[in-house]
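# Residue-level structural notes
For reference, the chains in residue letters:
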Amino acid sequence: MPTPIGHSLAGYAIYLAFQRERPHKLREVILCIFLANIPDLDYLPGFLIGYPNYFHHGISHSIGFAVFCGLMGMSYSKWLMKEDIIKGFLFFSGNYFSHIFLDFFCADDSIPYGEKLLWPFSNNYYISPITLFAGVHKSNLSSDFIISLFNLYNLYAIFIELMILLPIVICIWYWIDDCRSV
């Protein structure tokens, strides 16, 4: 799985693609970053039972949950923001799915390999044969999980994420500027 930095960059890229106005709306940027990182909240129940990875890459890393997030976004868009519900669905599910998409292309060194990508249609785990992102090295025990995240390998993983995702963010940024000037 990529780090929260990689997932946050993906969320910001999606924000840029949807938001054609400047200045940025900080609340929406934070929402995108939060949505792009939500699937990793599946660490919390595992953390509470002593094994943070126990529920990781389960159904929270699936198309089914991305659609659910989009449906919740439709409600948010309709009643709170008075926005188009289709745009709300795409905005919320797209940000959520960005996490799943990045994880699909990430090295995974723990069993079961991959994620339940096609849940609820399949309980199989899927992972790309092409690895773009380095996996995160971390402990399987709650007692040293947090401290185990701070190592040189994970710094290398962040570097790879920046090399792949920052150019995408920059290209979208300039593409939006070009669209506005026309």
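As the structure is a computational prediction, the values presented were derived from the model and not from experiment.

In this section: the overall build of the protein chain. Within the protein chain, the secondary structure is distributed over seven helices and zero strands. Along the protein chain, from the amino end to the carboxyl end, the secondary structure elements read α-α-α-α-α-α-α. Relative to the globule expectation of 16 Å for 182 residues, the C-alpha radius of gyration of the protein chain, 17 Å, shows essentially globular dimensions. Out of the 182 residues belonging to the protein chain, those deemed buried represent 42%. Roughly 10300 Å² of accessible area belongs to the protein chain as shown, and the carbon and sulfur atoms make up 73% of that amount.

Another point: the nonpolar core. In terms of nonpolar packing, the biggest core is built from 25 residues, with Y12, Y15, L16, F133 and V169 touching the most fellow members. Where this core is concerned, the elements lending two or more residues are helix 1 (4-18), helix 2 (26-37), helix 4 (63-80), helix 5 (85-104) and helix 7 (152-181).

This brings us to unusual backbone geometry. In the segment running from I111 into P112, the intervening peptide bond is cis, with an omega of -5°. Among the secondary structure elements, P112 is positioned in the loop between helix 5 and helix 6 (145-148). Following W119, the chain continues to P120 via a peptide bond in cis, the omega torsion being 15°. If you check the backbone angles, H57 has positive phi at about 65° while not being a glycine. Considering the arrangement of structural elements, one finds H57 in the loop between helix 3 (43-48) and helix 4. The exposure class assigned to H57 is buried, which follows from its relative accessible area of 7%.

Scanning the entire structure with this criterion turns up 11 aromatic pairs. Where F18 meets F91, the ring centres are 5.4 Å apart and the plane angle is 85°; that geometry is what we call edge-to-face. Of this pair, F18 sits in helix 1 while F91 sits in helix 5, and the two are 73 residues apart along the sequence. Between Y153 and Y156, the aromatic rings sit 5.9 Å apart at their centres with planes inclined by 50°, giving tilted as the arrangement. On the criterion of helical spacing, the pair formed by Y153 and Y156 is a turn pair, its members being three residues apart in helix 7. With relative accessibility at 30%, the residue Y153 sits in the partly exposed group. In this structure an aromatic cluster arises from ring pairing among F18, F91 and F92.

In the structure shown here, the tally under the stated rule is zero disulfides. C69 supplies the cysteine sulfur nearest to C32, a cysteine that is in no disulfide, at a spacing of 11 Å.

A word on helix 2. Relative to the 16 Å expected for 12 residues at 1.5 Å per residue, helix 2 spans 17 Å between its end C-alpha atoms, a close match to the ideal helical length. Burial in helix 2 covers these residues: E28, V29, C32, L35, A36 and N37.

With that out of the way, let us pick up the side chain of N37. Of note, N37 is situated in helix 2. Residue class for N37 comes out buried when judged on its relative accessible area of 17%. Engagement of the side chain of N37 in a polar contact is seen with the side chain of S8, the distance being 3.1 Å. Those residues within four positions of N37 in sequence are excluded, and the remaining contacts are P4, H7, S8 and H99.

Parameters at a glance
- Residues numbered from 1 in each chain as written.
- Predicted model: local features only at pLDDT ≥ 70, side-chain atom pairs only at ≥ 80, totals over all residues.
- Heavy atoms only, no water.
- Helix = DSSP H or I, 4+ residues; strand = E, 2+ residues; numbered from the N terminus.
- Rg over C-alpha atoms; globule rule 2.2 N^0.38 Å.
- Buried < 20%, exposed > 50% of the residue type's maximum accessible area, 1.4 Å probe, protein only.
- Areas by Shrake-Rupley, 256 points an atom, 1.4 Å probe, with all protein chains shown as cover.
- Core = buried A, V, L, I, M, F, W, Y, C linked by side-chain atoms within 4.5 Å.
- Phe/Tyr/Trp six-rings, centres within 6.5 Å; stacked < 30°, edge-to-face > 60°.
- Disulfide = S-S within 2.5 Å.
- Expected span 1.5 Å × (residues − 1).
- Polar contact = N/O pair within 3.5 Å; in protein donor to acceptor, adjacent residues only side chain to side chain.
- Contact = heavy atoms within 4.5 Å.

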